[in-house]
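# Summary of the model geometry
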Amino acid sequence: MKAFSLFAATAGALAAVVSAASKCTADVQCSREGWCGSGPAFCMFGMCNPSQSFNSTSCWKAEGCANQNVSFDSSSDAVAIASYNGNPKTNPFVSIFDPNNAIVSNGNLVLEMTYQADQNKGFGATVSAAYTFQYGRVTARIKTASIAKGVVSSFIYRDDQVGDEIDFEWVGKAPTQVQTNFFYHNIPNHSNKYKFDVGDDTSANYHDYTIDWTPDAITWIVDGKTLRTQLRNSTYDSASKVYQYPAAVGRISFSIWDGGNSASNGTQAWAGSPTPWTPSTIYK
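So, here's what we can say about the structure. (Residues numbered from 1 in each chain as written. Predicted model: local features only at pLDDT ≥ 70, side-chain atom pairs only at ≥ 80, totals over all residues. Heavy atoms only, no water.)

## Comments concerning the overall build of the protein
Looking only at helices and strands, the protein has two helices and 22 strands in total. In terms of overall dimensions, the protein is globule-like: its C-alpha atoms have a radius of gyration of 18 Å, near the 19 Å expected for 284 residues. Taken along its principal axes, the extent of the C-alpha atoms in the protein is 55 × 50 × 40 Å. The burial tally for the protein puts 48% of its 284 residues in the buried class. Carbon and sulfur atoms make up 50% of the accessible area of the protein, which totals about 12,900 Å². (Helix = DSSP H or I, 4+ residues; strand = E, 2+ residues; numbered from the N terminus. Rg over C-alpha atoms; globule rule 2.2 N^0.38 Å. Buried < 20%, exposed > 50% of the residue type's maximum accessible area, 1.4 Å probe, protein only. Areas by Shrake-Rupley, 256 points an atom, 1.4 Å probe, with all protein chains shown as cover.)

## Here's the deal with the packing of aromatic side chains
Applying the stated criterion across every chain yields a total of 16 aromatic pairs. Each member of the aromatic cluster is reached from another via a ring pair, and the members are Phe 72, Phe 93, Phe 155, Phe 168, Trp 170, Tyr 209 and Phe 254. When the ring centre of Trp 220 is taken as reference, the NZ or CZ atom of Arg 228 above it lies at 4.4 Å. Above the plane of the ring of Tyr 243 lies Arg 232, whose end atom (NZ or CZ) is 4.0 Å from the centre. (Phe/Tyr/Trp six-rings, centres within 6.5 Å; stacked < 30°, edge-to-face > 60°. Lys NZ or Arg CZ within 6 Å of the ring centre and 35° of its normal.)

## A word on the nonpolar core
Among the nonpolar cores identified, the biggest contains 40 residues, and Phe 155, Phe 168 and Tyr 209 are the most heavily contacted of them. Core analysis: the next-biggest nonpolar cluster, separate from the first, contains 16 residues, Met 44, Cys 59, Phe 97 and Ala 130 among them. (Core = buried A, V, L, I, M, F, W, Y, C linked by side-chain atoms within 4.5 Å.)

## Some thoughts on the sheet that holds strand S15 (residues 194-197)
Spatially, the eight strands line up as an open sheet ordered S4-S5-S10-S21-S12-S13-S14-S15, and their pairing is mixed. The two strands at the open ends of the sheet, each matched to only one other strand, are strand S4 (78-80) and S15. In this sheet, adjacent strand axes meet at a mean angle of 20 degrees when their direction is disregarded. As defined by bridge partners, strand S5 (residues 93-95) adjoins strand S10 (residues 125-129) across three bridges and the pair is classed as antiparallel. What sits directly across from Val 94, in S10, is Ser 128. (Pairing = 2+ DSSP bridges. Axes fitted to C-alpha atoms, helices over the stretch in contact; angles between N-to-C directions.)

## Some words on the sheet that holds strand S22 (residues 282-283)
Reading across from one edge, S9-S8-S22 is the order of the three strands in this open sheet, with antiparallel pairing throughout. Both outer strands of the open sheet, strand S9 (121-123) and S22, are each paired with one neighbouring strand and no more. Here strand S8 (residues 113-116) pairs with S22 via two bridges, running antiparallel. Residue Met 113 lies in a different strand from S22, and its bridge partner there is Tyr 283.

## Observations concerning the pattern of salt bridges
Using the criterion set out here, one finds six salt bridges in the structure. With a closest N to O distance of 2.7 Å, Asp 212 and Arg 137 form a salt bridge. Remark: Arg 137 occurs in strand S11 (residues 136-142) and Asp 212 occurs in strand S16 (residues 207-213); sequence separation between them is 75 residues. Asp 160 is the partner of Arg 158 in a salt bridge, and the nearest nitrogen-oxygen pair spans 3.0 Å. It is possible to trace a salt-bridge network through shared partners that takes in Arg 158, Asp 160 and Glu 165. (Salt bridge = Lys/Arg side-chain N within 4 Å of Asp/Glu carboxyl O.)

## Points about the side chain of Thr 219
Position of Thr 219 among the secondary structure elements: in strand S17 (residues 217-222). Of note is the side chain of Thr 219, whose polar atom sits 3.4 Å from the side chain of Thr 229. Discounting chain neighbours no more than four positions away, the residues touching Thr 219 are Thr 210, Ile 211, Asp 212, Thr 226, Arg 228 and Thr 229. (Polar contact = N/O pair within 3.5 Å; in protein donor to acceptor, adjacent residues only side chain to side chain. Contact = heavy atoms within 4.5 Å.)

## Examining the pairing of S16
Of all seven residues that make up S16, six are buried, and the element is covered over most of its length. Across seven bridges, the pairing between S11 and S16 is antiparallel. Bridging from a neighbouring strand, Thr 139 pairs with Thr 210 of S16. Pairing analysis gives five bridges linking S16 to S17, with the strands arranged antiparallel. Bridging from a neighbouring strand, Tyr 209 pairs with Val 222 of S17. Between S16 and S17, which pair antiparallel in sequence order, lie three residues.

Nothing here speaks to function; it is all geometry.
Here is the structure:
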């Protein structure tokens, strides 16, 4: 699979807002980030919040996992979420933000980040797999956007409702480096992050990045070489008496986002700051 891995910071316009204690109505049944609406942008599994939606059947069920090889040789391989037909076989990837900064071009999924003058920062993109994912092996051939400090590229598994996550990330200030990380229920644990040198400029050449995830271990692989293996048994937290190991059903996503102009000083320091911008700058 070829992909330019690129993370938008904000979603596009949604629909009628509801309070945290409210539920959606029969006309706009699905709740996403406190807003109510219908269609895939609101009702897809993982984006839809069942506890705030109209009823127990409002949110779409998980599509499930299936063997798939996506070459990005057809425009239907990655579509804007409003155009998603609900069939992961014919639309294997979905761009979830508006405006849509993702296109299929010359056998690549290209994700772009453009300048938002009113926000003084970049607006990027996130493209998520239509099939859901709970254990398995995914490989993506990626050329990153690490050509300037502050630009963050990501290839991740994520469950937005529970907060489980497995990451490959690249920051523009370190173009030869890849970072690996994982989260359980959004619990911040900086000891879970490890950095590795790829030995090449990741923005100049393609490399194969693999997440191999089983109930017992996570393995991060680059160009067939194992960088890291995380065993579930080593994630046990004695205080909470649980294994802080990602296990929820989620989706694979590619993203680009502006870390250099983040509101968080810590994120700025991590990504490099400020991200260089002119009105005509496009990172991809």
